[in-house]
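# Coordinates in review
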Amino acid sequence: ILNVEQSPQSLHVQEGDSTNFTCSFPSSNFYALHWYRWETAKSPEALFVMTLNGDEKKKGRISATLNTKEGYSYLYIKGSQPEDSATYLCAPNFGNEKLTFGTGTRLTIIP
Amino acid sequence: NAGVTQTPKFRVLKTGQSMTLLCAQDMNHEYMYWYRQDPGMGLRLIHYSVGEGTTAKGEVPDGYNVSRLKKQNFLLGLESAAPSQTSVYFCASSFSTGDLTSQYFGPGTRLTVT
């Protein structure tokens, strides 16, 4: 079983503040990293797929970076809004048909 | 497009009963997956399929069986339900492998086994 760790487990952020959290994964046999956003009572939705070391993806106020050599990715949210409240999942792929999901970072934005 | 749908949305079973969860997708995806989600455990892969007529075991396959007789459908069966199978079950599908293509998730099925 591959060890995918996300930290922190939960986070409360004041509206308007920026925040970031981490996904750590084994660097050997790494192929791609997926980030998903999961709102309460809904289904996970894809945010980014990243493959290259040093890659950076951006979607509105959300961005992510990837370090494949040391096995981590950061997700950043700039100017948090209440609609950003969700659980953010990372899921690396190691060159097979499967994703291995982390347990997620639960983000709550305080108005 | 309905995307990925799951039937039923909720179910309560007694220990020892059987049931089948249905996942359907209308995106012509090759790959389909069944996950279970438990508090503090994240999404764990039960079984998956890389095409019609194929199935493979995931991380936690015991107590479950699956079938993919049609490309658009992926069925998850519990032959003799146990309380440990109380969980939320998510189905997902994707165009190809999990490397570069994202998975699309269904709304989930909440199963309680008493």
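So, here is what we can say about the structure in this document. (Residues numbered from 1 in each chain as written. Chains lettered and ligands numbered in written order. Predicted model: local features only at pLDDT ≥ 70, side-chain atom pairs only at ≥ 80, totals over all residues. Heavy atoms only, no water.)

Residue and element names in this part refer to chain A. Strand order in the open sheet formed by five strands is E1-E3-E8-E7-E6, with antiparallel pairing between adjacent strands. On the outer flanks of this sheet lie strand E1 (5-7) and strand E6 (56-59), each paired with one strand and no other. With strand direction ignored, the average angle separating the axes of adjacent strands in the sheet is 15°. Where E6 meets strand E7 (residues 62-67), four bridges bridge the pair, whose relative direction is antiparallel. Its bridge partner lying in E7, Lys-57 is registered against Ala-64. (Pairing = 2+ DSSP bridges. Helix = DSSP H or I, 4+ residues; strand = E, 2+ residues; numbered from the N terminus. Axes fitted to C-alpha atoms, helices over the stretch in contact; angles between N-to-C directions.)

The next point concerns the pairing of strand E3 (residues 19-24) of chain A. For a regular strand, side-chain orientation follows a simple rule: the groups alternate between the two sheet faces. All names here are of chain A. Where E1 meets E3, three bridges bridge the pair, whose relative direction is antiparallel. In the strand pairing of E3, Gln-6 is matched with Cys-23. Bridge count between E3 and strand E8 (residues 72-77): six bridges; the pairing is antiparallel. Bridge assignment links Asn-20 to a residue of E8, and that residue is Tyr-76.

Residues and elements named next belong to chain A. A full pass over the atoms with the stated rule returns two disulfides over all chains. Here Cys-23 is linked by a disulfide to Cys-90, with a sulfur-sulfur distance of 2.0 Å. What sets the handedness of the Cys-23 and Cys-90 disulfide is the S-S torsion sign, and at about 75° it is right-handed. Of this pair, Cys-23 sits in strand E3 while Cys-90 sits in strand E9 (residues 86-93), placing them 67 residues apart in sequence. Each of the two residues, Cys-23 as well as Cys-90, counts as buried. (Disulfide = S-S within 2.5 Å. Buried < 20%, exposed > 50% of the residue type's maximum accessible area, 1.4 Å probe, protein only.)

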